[in-house]
Amino acid sequence: NEIEYFLRENLILNYFRGILASDKSKLNHLLSMSLKSSDVFIGDSKSDLQAAKHVNIQFILMEGFRSEKSFPTEFKSYKNIYKTENFNTLLTNLKL
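All values derive from a computational prediction rather than experimental measurement.

## Some thoughts on helix H3 (residues 46-55)
So, step 1. Restricting attention to buried positions, one finds in H3 the residues Asp48, Leu49, Ala51, Ala52 and Val55. Taken around the axis of H3, the buried residues stretch over an arc of 160°, which confines them to a single face.
So, step 2. Looking at the packing, one finds that the buried side of H3 touches helix H2 (26-31), strand E1 (40-43), strand E2 (58-62) and strand E3 (81-84).
So, step 3. Count one or two residues on from H3 and you reach asparagine 56, which has phi positive near 60°.

So this is what it looks like as structure tokens:
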């Protein structure tokens with residue numbers, strides 16, 4: 001898995017509780033977890049943002065991976081959102 005490889009190579013895999021990539025919807029994944037208000041969901045689509053909003057957690061929008069068809073346009077109304085281009089810019093901004 002390319003995401004897991006990147007996280008491992010950058011020594012940040014331990015900051016993640018899971019990579020939600022399967023036939024199960026992101027919302028169903030999130031609903032099955034014991035979430036805290038400090039949890040953050042990283043995604044690149046409208047359904048990812050909607051899942052984060054539904055469970056009321058912070059969301060990081062990866063703009064560099066978007067497709068025009070699934071990219072969220074309503075994100076300006078969501079207060080718990082941070083936008084970044086990709087994982088490299090996220091790491092730079094977090095200064096990990």
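## With respect to the confidence of the model for the protein chain
So, step 1. Mean pLDDT over the protein chain stands at 83; residues scoring 70 or higher make up 84%.
So, step 2. At the low end of the mean pLDDT range in the protein chain sits helix H4 (residues 87-94), at 83; at the high end sits H2, at 92.

## Here we look at the nonpolar core
So, step 1. Listed in full, the 10 residues of the largest apolar core are Leu20, Leu30, Phe41, Leu49, Ala51, Ala52, Val55, Ile57, Phe59 and Leu61.
So, step 2. The set of elements that each furnish at least two residues to this core consists of H3 and E2.
So, step 3. With four residues, the single largest contributor to this core is H3.
So, step 4. Here valine 55 is in contact with Leu27, Leu30, Leu31 and Leu35, once residues within four sequence places are set aside.
So, step 5. Membership of the second largest hydrophobic core comes to eight residues, among which are Phe6, Ile60, Leu90 and Leu91.

The rules behind each value
- Residues numbered from 1 in each chain as written.
- Predicted model: local features only at pLDDT ≥ 70, side-chain atom pairs only at ≥ 80, totals over all residues.
- Heavy atoms only, no water.
- Buried < 20%, exposed > 50% of the residue type's maximum accessible area, 1.4 Å probe, protein only.
- Helix = DSSP H or I, 4+ residues; strand = E, 2+ residues; numbered from the N terminus.
- Arc of directions from axis to C-beta.
- Contact = heavy atoms within 4.5 Å.
- pLDDT = per-residue confidence, 0-100.
- Core = buried A, V, L, I, M, F, W, Y, C linked by side-chain atoms within 4.5 Å.

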